[in-house]
Amino acid sequence: MKILVFGAGVLGCNLARNFFRAGKDVTLLARGDWGESIRKNGLRIKDKFSPRMSVSRIPVVTELKAEDKYDVIFVVLRYTQLDAILNTLRANPTKNIVFVGNDVRASALSASLPEKNVMFAFASSAGHREREYVASVDLKKITIGQVAGAPSNEALIGQIFDSTKYKVAYEPNMGDYLLCHAAFVLPVAFACYKTGGDLKKLKGDTVYLSRLIDANIEGYRAIKNAGHEILPKDDAEFESAAYRKTCLRFSKLMCATSLGKICASDHAMNAADEMSALNRDLKAFFDENGAKYPVWQDLEREGAKYLK
């Protein structure tokens, strides 16, 4: 199976490395100095919990040409960059396209490529890119599927990830999954902006961390009231005391350790444009459905310096 990973940020690099290690025929699309560095020195990734730097000699291209044919293309770009590549994808004959990362308009994006088999995925990896390597935590877990009502891709997904070390969770309703994910992560991004990227400033601030959970619950409530499913299913009881307790424990852990920087603030601070666009479009969804979200709006105002 011939795979292209279109995008060489943290997620794309981890995805390409994992396919490469599994013996897959994978190519990485990377441009500029970073692409040249990978071509000359290999894809270098320093895992936080490993003493060594991994080096993978992955083939690199700088563009997707109309004549290039792959079995599947993984598009691993920021939410704000997706519209710019749609014509390139339309002009290419590859049928199977997987968009990896944040998205709150999956159904519309899928509909914009009617000739393609469009899937969506969210990978559990995080970190940041240094000049010549990626510093990351990669849990090798990916949730992947299509929008609700589209033909199942479960068998194809099994073929794509066969022999890899990924723990693959098939999700037939990725549109709602990604809506819910945005409602969960955006309040955390607001906290990053409030603290200038230093979540340790919130260590022990139970009142503020509880407001983050309130905002998340406002988002989930708006999504549910609009007729959408709360996903993952473990979050279905988001109004419960148990959910609050679990979220508060996780929030305190993030603020007390380097987990907050690796899993939240690195991306939030380097991708404020993406967080701003997600926030804009998710709020438009809330407004279209008559939702009230006052705590969300208060937190947003506190981080307004970084939001567009």
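Here goes a summary of the coordinates provided. (Residues numbered from 1 in each chain as written. Predicted model: local features only at pLDDT ≥ 70, side-chain atom pairs only at ≥ 80, totals over all residues. Heavy atoms only, no water.)

### Considerations on the overall build of the protein chain
Check the secondary structure of the protein chain and you find 11 helices and 10 strands. Its C-alpha radius of gyration of 19 Å places the protein chain within 12% of the 19 Å reference for a compact globule of 308 residues. Viewed in the frame of its principal axes, the protein chain has a C-alpha envelope of about 50 × 45 × 35 Å. Among the 308 residues that make up the protein chain, the fraction classed as buried is 52%. Residue pairs in contact within the protein chain that sit at least 24 positions apart in sequence constitute 67% of those at least 6 positions apart. Computed over 44 positive and 36 negative side-chain charges, the inter-centroid distance for the protein chain is 6 Å. (Helix = DSSP H or I, 4+ residues; strand = E, 2+ residues; numbered from the N terminus. Rg over C-alpha atoms; globule rule 2.2 N^0.38 Å. Buried < 20%, exposed > 50% of the residue type's maximum accessible area, 1.4 Å probe, protein only. Contact = heavy atoms within 4.5 Å. Lys, Arg positive; Asp, Glu negative; His and termini not counted. Charge placed at Lys NZ, Arg CZ, Asp CG, Glu CD.)

### Description of empty space enclosed by the protein
Tallying each qualifying case throughout the model produces three cavities of 30 Å³ or more. As a volume, the largest cavity reaches approximately 160 Å³. Every residue lining the largest cavity is counted, 14 residues in all, and those nearest its centre are Phe184, Val188, Leu212, Cys247 and Ser251. When residues of the lining of the largest cavity are assigned to their parent elements, the largest contribution, five residues, is made by helix α8 (residues 241-256). For the lining of the largest cavity, a count of residues per class yields 12 nonpolar, two polar and no charged. The calculated volume of the second largest cavity comes to roughly 50 Å³. What lines the second largest cavity is Val75, Leu77, Arg78, Tyr79, Leu82, Phe99, Val100, Gly101, Asn102, Asp103 and Phe120. Partitioning the lining of the second largest cavity into residue classes produces seven nonpolar, two polar and two charged. (1 Å grid on protein atoms, 1.4 Å probe; cavity = no way out; pocket = protein on both sides within 12 Å on 5 of 7 lines; lining within 4 Å. Points joined across faces, edges and corners; volume = space filled by probe spheres on them. Nonpolar A, V, L, I, M, F, W, Y, C, P; charged D, E, K, R; others polar.)

### Some words on the layout of surface pockets
In this approach, a probe sized like a water molecule rolls over the atoms, and the result shows the empty space that is left. Looking at the second largest pocket, its volume works out to about 180 Å³. Along its surface, the second largest pocket is lined by 13 residues, and Val104, Ser107, Gly175, Leu179 and His228 are the ones closest to its centre. Elements supplying a minimum of two residues to the lining of the second largest pocket: α4 (106-111), α6 (174-194) and α10 (272-288). Of the residues that constitute the lining of the second largest pocket, the class distribution is six nonpolar, four polar and three charged.

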